[in-house]
Amino acid sequence: MYRSRRVFGNRSGEVARKRLKLLLVADKTNCSPEFLEMIKDDIFSVVSKYLEIDRGDVEVGLTRTASCKGSDYVPALYASIPIDGRLLRGNFNAVI
Amino acid sequence: MSEVIVITSGKGGVGKTTTSANIGTGLAMLGMRVALIDTDIGLRNLDVVMGLENRIVYNLVDVVEGNCRMKQALIRDKRYPNLYLLPSAQTRDKSAVNPEQMIKLTEDLKEDFDYILLDCPAGIEQGFRNAIAGADRALVVTTPEVSAIRDADRIIGLLEAKDMGQVQLIVNRVRTDMVRRGDMMSVDDVMDILAIPLLGAIPDDESIVVSTNQGEPLTGTDTPSGQAYLDICKRLLGEDIPITVPEGGRGFISRLTGFLKRA
């Protein structure tokens, strides 16, 4: 019998779901997954000039967020870049 | 209050025509006056699925061009006297009709019918624009596959851009055994991605092939898909029926091998 797990390392339903999510973002924004990879690479190289970060922890994606001007939702690029826990103690947010 | 519903999908071969035939039959079974319209000009199919292919005299293009009256073109169903089919033209193409004519056609039918169901052609070109022009509401049919869902997403975007009233989802050909072992996206996964309300899920069922072979829609019969279609029709009429995905009816051999695999 054909074993999908062996071929993809993951159940094929899950593979389909992930491919589809990337595909729909690409269709709607005219921005391919490779394009996001390039942005991610550049963000990583810039931030690693200042902080110790791990390439594998960096996440870059597209989402929708409330616009600062009104109640509308606008597309937004987000990046999640975890940094070394020893740098910051306690819970706080700092935004510039 | 009559309602015009378009059944669409973007991708071909996901079950638009089968769904149109079965929902039309189910609504008629529940006492509604129903007109089914095949809008796929040049690739007529709904007549065959309904088993009415031998009775066609006039078609949709004849009505639009004024070659006949509406009543002459409508074919009465074999089983339900309150169910009619307006067949498509086989020898013309989609440019034979425009959206304004379709709006007029559906408006005329509203006088005599409770539900007017439009079976939309595949694609997003003029045939699609014709089919959605007069519709109040849309049912988007998809299967749990990457290509079908991608096209459904595109169609949903186009329907929203046209200010279509209600847009609801039907997930067709679900195989619960494959979903269970993780080799098929679940109905929840599809809903999560497409983000529109679900009207129903139809199991992949061998009875559909049999029903299409015979030209007899199976809504309401004692088959998994027959019950799922009947539930969809009741939901359209406002009944609150919880959505479940029944196991598909499959042949003895595949059921036996399925049983042996589980054992």
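Residues numbered from 1 in each chain as written. Chains lettered and ligands numbered in written order. Predicted model: local features only at pLDDT ≥ 70, side-chain atom pairs only at ≥ 80, totals over all residues. Heavy atoms only, no water.

1. Details of the sheet that holds strand β3 (residues 75-76) of chain B
All names here are of chain B.
Argument step 1. The mixed open sheet is built from eight strands, whose spatial order is β3-β4-β2-β5-β1-β6-β7-β8. Where the open sheet ends on each side, the last strands, each with one partner, are β3 and β8 (198-203).
Argument step 2. When strand β1 (residues 3-8) meets strand β5 (residues 115-119), the two strands line up parallel, connected through five bridges. Residue pairing across strands places Ile-5 opposite Leu-117, the latter belonging to β5.
Argument step 3. Here helix α11 (residues 224-236) sits on the sheet and contacts β1, β5, β6 (137-142), β7 (166-174) and β8; the angle it forms with β8, its principal contact strand, is near 170°. (Pairing = 2+ DSSP bridges. Helix = DSSP H or I, 4+ residues; strand = E, 2+ residues; numbered from the N terminus. Contact = heavy atoms within 4.5 Å. Axes fitted to C-alpha atoms, helices over the stretch in contact; angles between N-to-C directions.)

2. Considerations on a nonpolar patch on the surface
Argument step 1. Taken together, the side chains of A:Val46, A:Tyr50, A:Leu51 and A:Ile83 define a hydrophobic patch exposed on the protein surface, amounting to about 380 Å² of accessible area.
Argument step 2. Examined against the element boundaries, A:Ile83 turns out to sit in the segment after β2 (73-80). (Patch = residues over 30% accessible without salt bridge, like charges linked within 9 Å, V, L, I, M, F, W, Y side chains within 5 Å. Areas by Shrake-Rupley, 256 points an atom, 1.4 Å probe, with all protein chains shown as cover. Salt bridge = Lys/Arg side-chain N within 4 Å of Asp/Glu carboxyl O.)

3. A short note on the pattern of salt bridges
Argument step 1. Tallied over the entire structure, the rule returns 15 salt bridges over all chains.
Argument step 2. We note a salt bridge from B:Asp114 to B:Arg33, for which the minimum N-O separation is 3.0 Å. Of the two residues, B:Asp114 sits in the loop between α5 (99-110) and β5 while B:Arg33 sits in the loop between α1 (16-29) and β2 (34-38), which places them 81 residues apart along the sequence.
Argument step 3. Between B:Arg175 and B:Asp177 there is a salt bridge whose closest N-O contact spans 3.1 Å.
Argument step 4. On the basis of relative accessibility, which here comes to 22%, the residue B:Arg175 falls in the partly exposed class.
Argument step 5. Each of A:Arg11, B:Arg181 and B:Asp183 takes part in a single network of salt bridges with overlapping partners. (Buried < 20%, exposed > 50% of the residue type's maximum accessible area, 1.4 Å probe, protein only.)

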